[in-house]
Amino acid sequence: MAPLAIMKQPASLREMSRGHRWFVLLTGLIETSLWSGNIFGWASLVHIMKTQGVFRHLCPDEFLGGGNKTAVTSLSWNETADGGDAHGLEFTRGCRAQDEQFTLIGTVAIVMYTTPGILVGYGLHHLGQAFTRITASVLISLGFVLLSLTSEATPNYLWGGSILLSVGGNMIRVACFEFGNLFPKQRNTVMAIISGIYTISAALFMVMQSAFEAGYGWEAVCRLMAVGSCFIVMTTLFIPWHHIPHEDEAEKQSESQPKLVTKSDDTELKETGKLHDSTEKPANSHQTPLSKSLFSVSMALLQFWLFNNMLAVTIFGTYFNSWINKFSQSNEEAAYYSRMFGYANVLCVFTTPLPGLFIDLLSAYYKRGKTGVEEKMATVQAMIAPMMIISFTVAVQISCFFFFSPWAVYLGLFCLAINRPGCLGVGIPFMRSRFPADHFNRMIGIQGTVISLLSTLQYLHFTWTQSNYYTAIGTLVSLLALSFVQPLHLFDRKYLHRVLQTSSKAQKNEEA
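Cut-offs and rules
- Residues numbered from 1 in each chain as written.
- Predicted model: local features only at pLDDT ≥ 70, side-chain atom pairs only at ≥ 80, totals over all residues.
- Heavy atoms only, no water.
- Helix = DSSP H or I, 4+ residues; strand = E, 2+ residues; numbered from the N terminus.
- Buried < 20%, exposed > 50% of the residue type's maximum accessible area, 1.4 Å probe, protein only.
- Contact = heavy atoms within 4.5 Å.
- Areas by Shrake-Rupley, 256 points an atom, 1.4 Å probe, with all protein chains shown as cover.
- Expected span 1.5 Å × (residues − 1).
- Disulfide = S-S within 2.5 Å.
- Phe/Tyr/Trp six-rings, centres within 6.5 Å; stacked < 30°, edge-to-face > 60°.
- 1 Å grid on protein atoms, 1.4 Å probe; cavity = no way out; pocket = protein on both sides within 12 Å on 5 of 7 lines; lining within 4 Å.
- Points joined across faces, edges and corners; volume = space filled by probe spheres on them.
- Nonpolar A, V, L, I, M, F, W, Y, C, P; charged D, E, K, R; others polar.
- Patch = residues over 30% accessible without salt bridge, like charges linked within 9 Å, V, L, I, M, F, W, Y side chains within 5 Å.
- Salt bridge = Lys/Arg side-chain N within 4 Å of Asp/Glu carboxyl O.
- Core = buried A, V, L, I, M, F, W, Y, C linked by side-chain atoms within 4.5 Å.

Visitor: Where do I start with the overall build of the protein chain in this structure?
Guide: Scanning the protein chain from N- to C-terminus turns up 25 helices and two strands. Expressed as a percentage of its 512 residues, the buried residues of the protein chain come to 55%. Across the protein chain, contacts joining residues at least 24 apart in sequence account for 83% of those joining residues at least 6 apart. A total accessible area of about 21800 Å² is found for the protein chain, and carbon and sulfur atoms account for 64% of it.

In structure tokens, the structure reads:
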């Protein structure tokens, strides 16, 4: 393997050896699976926080054994060995006020996950990989430091810790999306893996929970994680400092049909501005205005599809702890379900590649014997079946909230292992296939910001469930049914042919 270049910006993929590309991809996969989505393991973190008594003061009357106990929705008491009075009881599960406080913090943190996405997208586009990755490393490290300081006496550190982990995690995730360009022929599979593997990092809080329950100090565990996240800075040295070069069909065609340029031609082309330096961006990089992509029907329906499904998956995680406390018979049973939540996120390591592999197989089948616009249409329509499957399994997952039984927990967690990587594992490759490559980073950022702002509805939904449980869950399931509009609109071949043909004409005009 050729020596890895340090802090270089290759002009094309040809300047990166295959070994170097594999190193960058594996680095991105490891970092994404460790740090990018920790905040989605919120249920495990809440269990740790409750065990340490964080926000216990919100239930003073119940904890002291007096006051109005009608407000208690998930309270458990264990008598001490000496059969002490109310002051000797161990508060293990919490009350409604405490649950609402944790849900509020979790909602804000998850909303902040991609709310700055528009800044991240434009920052990555203009400032590059090195700036984005180093900033993400600093935020993640500081987040774990603040978590290490969170205790019953200092509960508000949880706000800062969770928000920093959220923002930093999303930055490293968005930075790694570009790594799909490393292997153009397997781009959908690679992007689906990168898009979905962030879900595995949600299991990190489960690992921390296990270490804490095994007797390791909470501060030591958090600080170990803070040190570990600093390795992002070291690996950044071996990654192209600005961007991963992308290779489009137009570039492949120009490479397969080289044209000799004479000295006189050279002079004429320079004068007309048609000869570009090899270090410049491809000629088709601005083939279509960004606004045309952002305000297209496909983008609007994709936003609706992603919002509905990702909101539902997020609500499942934020409400999970309260749900299991409604029917758990002991603190041990609740802790067991909390660990199962973490294991479901670990299971994502096996399900993450499936959406991309499925898309690539369908795409290869549909593209046989087709060229030009028809080939692009086949690539986009290969997304229909995966999108419909994800919409169905998310609806099943949320429907589990109608039942208070262990089998509903297992079914919901099984669906979670499919849906958490599947939503972005299908949505991101669709965006990359449907729209110009040069729009990708900015569209990802804008799309993330829009979805995050709308995700504030999850806290309102949580409070709604406190008074109208079945109506709130039923409304969410109904919205999920409407999300089928996104894959169904891709059956309209006239629409796809028109928009993709327009994009192709713009590309040819730009190249001319």
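Visitor: Explain the environment of Val-409 to me, please; I cannot follow it from the model alone.
Guide: With respect to the helices and strands, the residue Val-409 is situated in helix H20 (residues 406-434). Through-space distance from the C-alpha of Val-409 to that of Gln-397 is 9.2 Å; in sequence the pair is 12 residues apart.

Visitor: Would you mind going over helix H19 (residues 384-399) with me for this structure?
Guide: Structurally, the α-helix is built with 3.6 residues per turn, so residues lying three or four positions apart point the same way. Along its 16 residues, H19 runs 23 Å from first to last C-alpha, staying within 8% of the 22 Å computed at 1.5 Å per residue. Along H19, the residues classified as buried are Ile-384, Pro-386, Met-387, Ile-390, Ser-391, Thr-393, Val-394, Ala-395, Gln-397 and Ile-398. Against helix H15 (297-325), helix H17 (353-366), helix H18 (372-381), H20, helix H23 (469-482) and helix H24 (485-489) lie the buried residues of H19.

Visitor: Please explain the state of the cysteines as it appears in this structure.
Guide: Every disulfide links exactly two cysteines, by a covalent bond between their sulfur atoms. The full count for this structure, using the stated rule, is zero disulfides. Here Cys-415 stays free of any disulfide, with the sulfur of Cys-400 as its closest cysteine sulfur at 5.8 Å.

Visitor: Help me understand the packing of aromatic side chains, please; the structure alone is not making it clear to me.
Guide: Think of a pair of aromatic rings as described by two things: how far the centres are apart, and how the planes are tilted against each other in angle. Evaluated as defined, the whole model comprises 23 aromatic pairs. Aromatic pair Trp-323 and Phe-401: ring centres 4.9 Å apart, planes at 80 degrees, arrangement edge-to-face. With Trp-323 in helix H15 and Phe-401 in the loop between H19 and H20, the pair connects residues that are 78 residues apart, well separated along the chain. With respect to class, Trp-323 is no different from Phe-401; both count as buried.

Visitor: Would you take a moment to explain the layout of surface pockets for this structure?
Guide: Unoccupied space between atoms shows up once a probe the size of one water molecule is rolled over them. One number sums up the size of the second largest pocket: a volume of about 180 Å³. Looking at the second largest pocket, the residues that line it are Thr-351, Leu-354, Pro-355, Phe-358, Pro-386, Ile-389, Ile-390, Ile-418, Pro-421 and Val-426. Of all elements in the fold, only H17, H19 and H20 reach the threshold of two or more residues within the lining of the second largest pocket. Counted by class, the lining of the second largest pocket contains nine nonpolar, one polar and no charged residues.

Visitor: What am I meant to see in unusual backbone geometry here?
Guide: Glycine aside, residues mostly have negative phi angles, and peptide bonds mostly take the trans form. At Phe-55, a position not held by glycine, the phi torsion is positive, near 60 degrees. You can see Phe-55 is positioned in the loop between helix H2 (42-51) and helix H3 (60-63). We classify Phe-55 as buried; its relative accessible area is 2%.

Visitor: I'm lost on H17 in this one. Help?
Guide: Between its terminal C-alpha atoms H17 stretches 20 Å, which fits the 20 Å expected from 14 residues at 1.5 Å a residue. Buried within H17 are the following residues: Pro-355, Gly-356, Ile-359, Asp-360, Leu-362 and Ser-363.

Visitor: Which parts of the structure should I look at to understand a nonpolar patch on the surface?
Guide: A cluster of nonpolar side chains, Ile-6, Met-7, Leu-237 and Trp-241, forms an exposed patch at the surface whose accessible area comes to about 360 Å². Along the chain, Ile-6 falls in the segment before helix H1 (18-35).

Visitor: Sorry, what's going on with the environment of Leu-127 here?
Guide: The topology assignment puts Leu-127 in the loop between helix H5 (117-126) and helix H6 (129-148). Spatially, the C-alpha atom of Leu-127 lies 9.1 Å from that of His-243, the residues being 116 residues apart in sequence. Those residues in contact with Leu-127 that sit more than four places away from it in its chain are Tyr-122, Trp-241 and His-242.

Visitor: Any chance you could explain the nonpolar core here in plain terms?
Guide: Generally speaking, soluble globular proteins have nonpolar side chains that are buried together. Among the nonpolar cores identified, the biggest contains 116 residues, and Phe-144, Phe-320 and Trp-323 are the most heavily contacted of them. The dominant element in this core, judged by the number of residues it contributes, is H15, at 15 residues. When residues no more than four places from it in sequence are discounted, the contact partners of Phe-144 are Trp-35, Asn-38, Leu-165, Leu-204, Phe-205, Met-208, Cys-222, Met-225 and Ala-226.

Visitor: Help me out: how do you make sense of the side chain of Thr-393 in this one?
Guide: Along the chain, Thr-393 turns up in helix H19. Sequence-distant contacts of Thr-393, that is, excluding residues within four places in its chain, are made with Cys-415, Ile-418 and Asn-419.

Visitor: Hey, could you run me through empty space enclosed by the protein in this one?
Guide: Considering all chains together, one arrives at seven cavities of 30 Å³ or more under this definition. Lining the largest cavity are 16 residues, and of these Phe-40, Ile-110, Met-310, Thr-314 and Ser-455 lie nearest its centre. Contributions of two or more residues to the lining of the largest cavity are made by helix H4 (96-114), H15, H20 and helix H21 (440-454). Per-element tally for the lining of the largest cavity: the top contributor is H15, with four residues. In this structure, the second largest cavity encloses a volume near 100 Å³. Forming the walls of the second largest cavity are 14 residues, and the residues nearest its centre are Thr-114, Arg-173, Ile-444, Gln-447 and Gly-448. Going through the elements one at a time, helix H7 (157-177), H20 and H21 are the ones with two or more residues in the lining of the second largest cavity. Among the residues forming the lining of the second largest cavity, the class breakdown is seven nonpolar, six polar and one charged.

Visitor: Mind showing me how you'd approach the pattern of salt bridges here?
Guide: For side chains bearing opposite charge, pairing can occur when the charged atoms are close. Following the criterion strictly, the structure yields five salt bridges and no others. The salt bridge partner of Arg-133 is Glu-31, with a shortest N-O separation of 2.8 Å. Taken together, the residues span a long stretch of sequence, with Arg-133 in helix H6 and Glu-31 in helix H1 at a distance of 102 residues. In terms of burial, Arg-133 and Glu-31 fall into one category: buried. A salt bridge links Lys-50 to Asp-99; the shortest N-O distance between them is 2.6 Å.

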